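Given next are the chains, with one letter for each unit.
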Amino acid sequence: MLNRYDAFFQALKEIPFEKGLMMQAHTSFRIGGPANALFPRNANELLHIMQAAAAHEIEPVILGNCTNILVSDKGIEEPVVFIANMLSGIEHQDTVFTVQAGTLLSTLSKETLRMGYMGLEWANGIPGAVGGGIAMNAGAYGGEIKDYLTEVTYIENGELHTVCPQSGDLSYRRSVFTAPSRVTVSAKFTLQPDDGYAAERMRDYMQRRLAKQPLQYPSAGSVFKRPQGFFAGSLIEQAGLKGAQIGGARVSELHAGFIINTGGATCADVLALIAHIQERVLAHSGVMLQPELKIIGKGV
Ligand SMILES: Cc1cc2nc3c(=O)[nH]c(=O)nc-3n(C[C@H](O)[C@H](O)[C@H](O)COP(=O)(O)OP(=O)(O)OC[C@H]3O[C@@H](n4cnc5c(N)ncnc54)[C@H](O)[C@@H]3O)c2cc1C
């Protein structure tokens, strides 16, 4: 007899599928065990997946470009749905851009600038996709997704909904448009005509990123949320943890808010280093750091 996962995949036979996909090949951390993954090619296929999930009482793991996640070495039991690059595309009418959830934030940022609009210069260099960016309310250099997001189309309980985000729906690294309950399909962003300095701002932000982030190593960006009134990186540095290492996971010497994979780091290494940082920073400054990245998979 088919178990419910087999029955779910059987109902989705026409959608590209890979069994035992090693997540380490897809996560920006280069960490993570096997998963059974679906690759919807359009919004209809994504809707079909989510309807089948509702019918089989399955909660799939929805992934964008896998740049803010830490995946278990044992992999992921639930079906995984890959969205980045699959549901991709940008259309616009005047200042309003309709963007598919799998479009990369850097692509959106550069394309809108190329078309003569400003607002998303800060998003160039954030390696996530639009759906993940909305889920995390991604931001940098004073800009945040919520400042430009004017409409979201998402799937909830197997049905499509389109809403204008209300104040409070998105805040610092938090959003109501987040899997598993809501899966973003597309969104509208409202921008402004370029003031003539947008390209310069984009270059400046990118230079700052290149100078301050250890981009030559796999990572998931900043590991911890910014605690009110502090910077996580400074607290970690003050606790003497720059360069601290467990297995292949190390606190970056360039940016103490990043944990880097120096080669062969496991999820267990990163989790042990996160716990060590939390303990030392709490003892040193009285602040309990909370992870920003999402920890996913078997046994974590
Ligand atoms: C080198 C580096 C630099 C970074 N710099 C920044 C930065 O400056 N600012 C910043 O905010 N972040 C930064 N990040 C973190 C990361 O890129 C962002 O959080 C990004 O928005 C995550 O998008 P993603 O598509 O990779 O999401 P994933 O990592 O794939 O997923 C993250 C979360 O979003 C959910 N999700 C993904 N897609 C959808 C969808 N369509 N619908 C509903 N939920 C969804 C997932 O279930 C998961 O919970 C950085 C990461 C790296 C590696």
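Residues numbered from 1 in each chain as written. Predicted model: local features only at pLDDT ≥ 70, side-chain atom pairs only at ≥ 80, totals over all residues.

A. Representation of the overall build of the protein within the structure. Secondary structure summary: the protein contains 7 helices and 21 strands in total. The globule rule puts the C-alpha radius of gyration for 300 residues at 19 Å, and the 19 Å found for the protein is close to it. In terms of principal-axis extent, the alpha carbons of the protein reach across some 55 × 55 × 30 Å. Classification of the 300 residues of the protein by burial places 43% in the buried group. (Helix = DSSP H or I, 4+ residues; strand = E, 2+ residues; numbered from the N terminus. Rg over C-alpha atoms; globule rule 2.2 N^0.38 Å. Buried ≥ 20, exposed ≤ 12 C-beta atoms within 10 Å, placed from the backbone.)

B. Here's a closer look at the domain arrangement of the protein. Split into domains, the protein comes out as domain 1 (4-82), domain 2 (90-193) and domain 3 (214-296). Between the C-alpha centres of domain 1 and domain 2 there is a distance of 22 Å. Contacts between the two partners involve 13 residues from domain 1 and, on the opposite side, 16 residues from domain 2. Take the side of domain 1 that touches domain 2: its biggest share by element is 6 residues, from helix H2 (residues 43-55). Residue composition of the side of domain 1 that touches domain 2, grouped by class: 6 nonpolar, 6 polar and 1 charged. (Domains from an automatic or database assignment. Contact = placed C-beta atoms within 7 Å. Nonpolar A, V, L, I, M, F, W, Y, C, P; charged D, E, K, R; others polar.)

C. Quick look at unusual backbone geometry. Cis geometry marks the peptide bond from alanine 179 to proline 180; its omega dihedral reads 10°. The residue proline 180 is located in the loop between strand E14 (174-175) and strand E15 (183-190) in this model. The phi dihedral of asparagine 137 falls on the positive side, at around 40°, and the residue is not glycine. Relative to the assigned elements, asparagine 137 resides in the loop between helix H4 (130-136) and strand E9 (139-140). In this model, arginine 173 sits at a positive phi of 50°, which is unusual for a non-glycine residue.

D. A look at the site of the ligand. Looking at the ligand, there are 34 residues lining it, with Gly64, Gly128, Gly131, Gly132 and Gly221 nearest. Contributing elements (two or more residues each) for the shell around the ligand: strand E3 (61-63), H4, E9, E15 and strand E17 (219-222). The biggest single contributor to the shell around the ligand is H4, with 5 residues. Taken together, the residues of the shell around the ligand break down into 18 nonpolar, 15 polar and 1 charged. (Near = placed C-beta within 6 Å.)

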